[in-house]
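# Coordinate analysis (summary)
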Amino acid sequence: MQFEPYNHKEIEPKWQNIWDDNEAWVTGEDKSRPKFYALVEFPYPSGQGLHVGHPRPYTAMDIVSRKRRMQGYNVLFPMGWDAFGLPTENYAIKNKIHPKVVTENNVKRFKSQLRSLGYSFDWTREVNTTDPGYYKWTQWIFLQLFKKGLAYKAEMPINWCTSCKVGLANEEVVNGVCERCGSEVIRKVKSQWMLKITEYAEKLLQGLDDVDYVEKIAVSQRNWIGRSTGAEVDFSIKGKEDKLHVYTTRCDTLFGATYMVVSPEHPILEKYSSDIENWSDVAAYREQAARKSDFERSELAKEKTGVVLKGLSAVNPVNEKEIPIFVSDYVLMSYGTGAIMAVPAHDERDWDFAKAFNLPIIEVVAGGENVQEKVYTDVADGIMVNSGFMDGLSVKDAQKKMIEFLTEKGIGRAKTNYKLRDWVFSRQRYWGEPIPIVKCDKCGYVPIDESQLPLLLPEVDSYMPTDDGESPLSKMTDWVNTTCPCCGGPAKRETDTMPQWAGSSWYFLRYCDPKNDKEFASKEALEYWMNVDWYNGGMEHTTLHLLYSRFWHHFLYDIGCVPCPEPYHRRTSHGMILGSNGEKMSKSRGNVVNPDEIVDEFGADTMRTYEMFIGAFELSASWQEEGVKGCRRFLERVWKLQTMVKDDPGYSSDLESTVHRTIKKVSSDFETLKFNTAIAAMMSLVNEFYRKNEVTLGEYRLLLTLLNPVAPHITEELWQRTGGEGFLYQQKWPEYDEAKMVDDTMELPVQVNGKVRGTVNVSTDASKDDILSAAKELVGTKYGENIVKEIYVPGKIINLIIK
RNA sequence: GCGGGUAUGGCGGAAUAGGCAGACGCAAGAGACUUAAAAUCUCUCGGGGGUAACCCCGUGCCGGUUCAAGUCCGGCUACCCGCACCA
C-alpha cells in the first residue's frame, strides 16, 4: 500500500473541487425522503473577514448535516449574507467606495474562507439581503405589516447615537451607549416607523411552549417579553372629570396607597398646567428629566427626586381619602400607564420616595418589621391589616377579592402587562432597505403598489448621515419627489431605511425557494421544508434577531403565508471563542487568531477538529495553539494507520464491543452537541489500534466514516486510498448492535465501607452470589469476616460494609 | 437588586440515572530510534506518607442525606453573562 506524508494542502483543495464537480451538497429534489433543515446564522460580511468564532457553529451544524445525509435525510443546509449595515456604510464613507462594492468584496473573501473550511453548504441557494431580488420581499412583508396596521409612524423619544447619527432600538443600547460604536446615546424625539411587536407578545410567549429551545434561551425570551398580571385602577382627580389610571401587580395593597406619582411625560401635566399652582417648578423638573437619557435617569436612581403638584389631588377609590400627586422620573411613561399608586410600606422605591418627602407610610400587610423603619416587600405569607373589608385575608386572596371589588364598582379591572415595547423600525441611513411608503399631503402615508417592488436604493453621491438626523436619501430630491399612488398628486418618499434586523427576520424562508420571483417562496417549498429543524446561533441574538424573526413568522402565519406559526423547532447556542489569555479576542488585546493561518499551516480538517474538541460547545472556550497541534497529531495518526491495515472486512473479536460502543457514542454525541467527547472516543479507538499495531479494513473504514463529518477531506482521501467504493460522503452511517456492546467479562470495583479496595473480573452473566463471593475472597483475608451488609449494584459496583 | 451560568490536576476539559474522580488532549519527565536534534513510538504523570504490599487526603467554602456525593438537599463565597426605578 502506498504511503506518503499527510499533505493537507494537496488533499483539501482536491476534495473541495470534487465535491463541487459532483454537486455533492446541492439539496436533493427527492421529497419522499425525510427532510432535515439545518440552519446557522448567516454572517455579516465584515471587512475583517472570518474570525475563529465563526467556524464553531458552522462546523457543528456541518457535522450534523453530513451525518444526517449519510442517514438518508434530505438535508437543507444553506448559507447567505446579512449584508446591510453600518460598518459597511462607514467603510464606504471613509474610503469613498460604494457600499455595494464593499459588500461584494467582503462576500467574496468570506466565501473563499468558508470554502477553504470544506463546509457542505448548498451554495446554489445563497441569499444576500442587499440583493434587490431579495429585499423586494423584505419590502413586501413590510407592506403586509403596514396593511394590517402593524406598521405605524409615531413621534417617539428614540435612542439617538451621537456618533452614528442614527436611531437605535432599545435592544441596541447597551449600558447607555451605542452597542456598535460605544458612543453616548441621548433621547431625541423623532417621527419613526414602528412595528407593533407588542401585539404579538402573548403569541411569542405561548409559542415557546411548542418549541425545543435550550432552557436559557427560552428563559431570556420570557424575561424580555416580561409578562405580568395585575390590575388597572382608576383614581379620580379631585374636582375634575379625568381619572388617573394606574397599573399595579399589588392591588391588595390599595388601602396603603398614600400618594400618587406620574412620570414627567404624563399628559395630565400639560392638560392641567393652569391648575398646578407651582407650575414653574414642575416645568423645570420636566425639562431636567427630558435632558437625561433613560440611562442617566436610572444611573441617578439612588436618590429619589420629584415635585408635588400643588392644586391637584387624587382620591383613593377604596377609602375615598384624598392623596397628593407628585411628578418624578422614577416613574416611566413607557411602562404601564405612566402613573402609579405609591404604597410606601410595601414597595422599596415608594418607601425611599416617602422618606425623602416625609409622606405617610401605612402598613397593610402584617408580618414585617416596623414599616416606618424598614420596607416590607417579601409578603408571601403576610396577612392583610388596615384594609377594611380585606382585613385578615392572605395576600393572594386579597388580590382576588380586590379585583372582584374593583370590577363590580367599575373602578378597575384585571390587566396583563408586558415589558416588551414596539420595535423602532426606522434608520436614518443609506445602506438598508428603502421603506416602500410615500407621504401624500392629502392621503397620508400610502404604500407603493406591490408591482413597483423592489423599490431600489438610488445611487447617491454621499452616504454621509446628516447632522439634522435625516437620512442621506433625503438629499436626493429626484428620488424623494414622486406621485401619490392613491390620488396621483405630488408626494414624497419615505427616506428612512429599515434596520439590519429586517432582512434577517425571514431569510430562512427564502432558502426554501431562493430564486422564486412570484412569491418569497412557494407554498409547496415551505410546506416541505418548514419549520427549521435545528437552528444554532449566538446567545447575543436571543432577544433581538430571534424574537424579531419569530414575530414576523407568526405574522406571516396569521396572513396565511407560511404553514406553521413557529419558525424554528430546535434552537441551540454556542459559546464564544476567547483568546489564549481567556479574554475576548480583540485587536487591542492582541490576542486575535486568524483562521486563514490555521488552515494554511495545519489544514481545514485540523481546524474543524480543534474547534469541536476545544470544550463544551455551549460554553466559552479559550484558544490554545498547542491544542491545535494535538488535533493535527491525531489526524496524522489516522493517516498513518493506513500502513497497518489488515485485509479483513470485519471487526477483530477483541475490539468488537469497543467498536459498537464507539458508534453509539459518536452518533448520539453529534446530536447532543457533545463533539468534544465524540472526538475523544475516536481518539481512544485509534489508540487501541496503535496498541495492537494493527487495524482491520472494516475497523478502519468504520473509523473513517465516523470521522468524516468532522474531518471530511482526509477521511475521503483515505477512503479512496484504501479502495473504498464511491465517495465516503455517500456511504451509509454505521449502525451499532446493542447486543454486541457487552463483553464476556466485566471488571467490577469492590469497595469496603465505601472505599475502593480492588477490582474483580467476573463473567458478565455471573450470578449475584458468585460475584459477591468473588468480592469477599478479594478482601476477606484482610478485613476479616465481620461483614454486616453486602451491596451489589448490577454491572456497577460492590460495596461490603464491615464493622 | 432580579434572572441565568460557571467553579474539578501545571493547563484545556471528561464523568448517562448518585456507583473506580481526572476519559481525551496539552504541557512535563523517562526510555527507544538518531551522530545529534526534530518528528515518531512506548511508558510515567492530583497531593502526601511508606523499602514495600499498601495507607491517608483531594472536585470553590460550611453543614446534611446515603452503604456510596463532583453529582442530591440546606447555607455561603468568587467570577462571568443578561436585565435593571417594569409599579
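Structure: see above.
Our subject in this report is the structure included herewith. (Residues numbered from 1 in each chain as written. Chains lettered and ligands numbered in written order. Predicted model: local features only at pLDDT ≥ 70, side-chain atom pairs only at ≥ 80, totals over all residues. Heavy atoms only, no water.)

Our next topic: the overall build of chain A. Assigned secondary structure in chain A consists of 24 helices and 34 strands. Projected onto the principal axes, the alpha-carbon positions of chain A cover approximately 100 × 85 × 50 Å. Residue pairs in contact within chain A that sit at least 24 positions apart in sequence constitute 72% of those at least 6 positions apart. For chain A, the accessible area works out to roughly 35300 Å², and carbon and sulfur atoms hold 48% of it. Counting 98 positive and 115 negative side-chain charges, chain A places the averaged centre of each group 1 Å from the other. (Helix = DSSP H or I, 4+ residues; strand = E, 2+ residues; numbered from the N terminus. Contact = heavy atoms within 4.5 Å. Areas by Shrake-Rupley, 256 points an atom, 1.4 Å probe, with all protein chains shown as cover. Lys, Arg positive; Asp, Glu negative; His and termini not counted. Charge placed at Lys NZ, Arg CZ, Asp CG, Glu CD.)

The subject of this paragraph is the protein's contact with RNA strand B. Near RNA strand B there are 52 residues, and of these T248, T249, R349, K419 and N799 occur at the shortest range. At 2.8 Å, a side-chain N or O of R757 approaches a phosphate oxygen of RNA strand B. The leading source of residues in the surface near RNA strand B is helix 21 (residues 675-692), at 7 residues. Of the residues assigned to the surface near RNA strand B, the class counts are 22 nonpolar, 13 polar and 17 charged. (Near = heavy atom within 4 Å. Polar contact = N/O pair within 3.5 Å; in protein donor to acceptor, adjacent residues only side chain to side chain. Nonpolar A, V, L, I, M, F, W, Y, C, P; charged D, E, K, R; others polar.)

Further remarks concern the nonpolar core. Judged by nonpolar contacts, the single largest core of 168 residues is most densely connected at Y37, F142, F520, W552, W623 and M682. F520 has contacts with W137, W140, W506, L509, R510, D513, L526, L556, C561 and V562, leaving out every residue within four places of it along the chain. Counting 56 residues, the second-largest nonpolar core is a separate cluster that includes F235, V262, A339 and A345. (Core = buried A, V, L, I, M, F, W, Y, C linked by side-chain atoms within 4.5 Å. Buried < 20%, exposed > 50% of the residue type's maximum accessible area, 1.4 Å probe, protein only.)

Next up on the list: the sheet that holds strand 10 (residues 212-213). Across the sheet, 5 strands lie side by side as 2-1-25-26-10; this open sheet has parallel pairing. Each edge of the open sheet is held by one strand with a lone partner, namely strand 2 (74-76) and strand 10. Two elements, strand 10 and strand 26 (residues 568-574), share 2 bridges in a ladder whose sense is parallel. Note on strand 26: the bridge partner recorded for Y213 is R571. Sheet strands in contact with helix 16 (residues 545-558) are strand 10, strand 25 (532-538) and strand 26, and its direction is about 170° off that of strand 26. (Pairing = 2+ DSSP bridges. Axes fitted to C-alpha atoms, helices over the stretch in contact; angles between N-to-C directions.)

Strand pairing in a sheet relies on backbone hydrogen bonds, with the paired strands running either antiparallel or parallel. Strands sit in the order 22-21-24-23 across an open sheet of 4 strands; the sheet is antiparallel. Here the strands that pair on one side only, and so sit at the sheet edges, are strand 22 (444-447) and strand 23 (481-483). Averaged over all neighbouring strand pairs, the angle between strand axes comes to 45°, with direction disregarded. Two elements, strand 23 and strand 24 (residues 490-493), share 3 bridges in a ladder whose sense is antiparallel. Paired with N481 across the two strands is K492, which belongs to strand 24.

For the rest of this paragraph, the subject is the environment of Y134. Positionally, Y134 belongs in helix 5 (residues 132-147). Sequence separation between Y134 and C440 is 306 residues; the distance between their C-alpha atoms is 27 Å. Not counting residues up to four positions away in its chain, the partners in contact with Y134 are V127, N128, T129, G503, W506, Y507 and R510.

To continue, consider helix 16. Helical geometry: 3.6 residues make up each α-helical turn, so side chains three or four residues apart lie on a common side. The terminal C-alpha atoms of helix 16, which comprises 14 residues, lie 20 Å apart, in line with the 20 Å expected from a rise of 1.5 Å per residue. Judged by how many residues are buried, helix 16 sits mostly within the fold: 12 of 14 residues are covered. For helix 16, the full list of buried residues reads H545, L546, L547, Y548, S549, R550, F551, W552, H553, H554, F555 and L556. Just downstream of helix 16 lies G560, where phi reads positive at about 80°. (Expected span 1.5 Å × (residues − 1).)

Here helix 18 (residues 604-613) crosses helix 19 (residues 625-640) at 120°, and the two axes come no closer than 9 Å. Compared by their axis directions, helix 18 and helix 19 come out oblique. Between helix 18 and helix 19 lies a crossing whose hand is right-handed. Across the interface between the two elements, D605, T606, T609, Y610 and F613 from helix 18 touch G627, V628, C631, R632, F634 and L635 from helix 19. Taken together, the residues of the contact of helix 18 with helix 19 break down into 6 nonpolar, 3 polar and 2 charged. (Parallel < 35°, antiparallel > 145°, perpendicular 65-115°, else oblique. Left-handed = near helix turned anticlockwise from the far one by under 90°.)

This part takes up the state of the cysteines. Within the structure shown, the criterion is met by 0 disulfides. Sulfur of C486: no disulfide; nearest cysteine sulfur belongs to C443 and is 3.8 Å away. According to the relative accessible area criterion, C486 is exposed, its value standing at 56%. Unpaired in this structure, C512 has its nearest cysteine sulfur neighbour in C564, at a distance of 9.3 Å. (Disulfide = S-S within 2.5 Å.)

It is worth spelling out the packing of helix 21 against helix 22 (residues 697-707) at this point. Closest axis-to-axis distance for the helix 21/helix 22 pair is 11 Å, and the angle between their directions is 160°. Comparing the axis directions of helix 21 and helix 22 gives the class roughly antiparallel. At the point where helix 21 passes helix 22, the crossing takes the left-handed sense. Here M682, L685, V686 and F689 of helix 21 come into contact with helix 22, specifically with E699, L703, L706 and L707.

Take W423: it is sitting in strand 20 (residues 423-424). Note on W423: relative accessible area 1%, which makes it buried. For the pair formed by W423 and L168, sequence separation is 255 residues and the distance between their alpha carbons is 9.8 Å. Setting aside its immediate chain neighbours within four residues, W423 contacts W193, M194, L195, I197, P499, W501, S505, Y548, F551 and W552.

This part is about the pattern of salt bridges. For the coordinates displayed, the defined rule picks out 38 salt bridges. Note that E671 and R68 form a salt bridge whose closest N and O atoms lie 2.9 Å from each other. Residue E671 is located in helix 20 (residues 656-671), and its partner R68 is located in helix 2 (residues 55-70); the two are separated by 603 residues in the primary sequence. No difference in accessibility class separates E671 from R68, as the two residues are buried. By sharing partners, the salt bridges in this structure join E4, K14, E717 and R721 into a single network. (Salt bridge = Lys/Arg side-chain N within 4 Å of Asp/Glu carboxyl O.)

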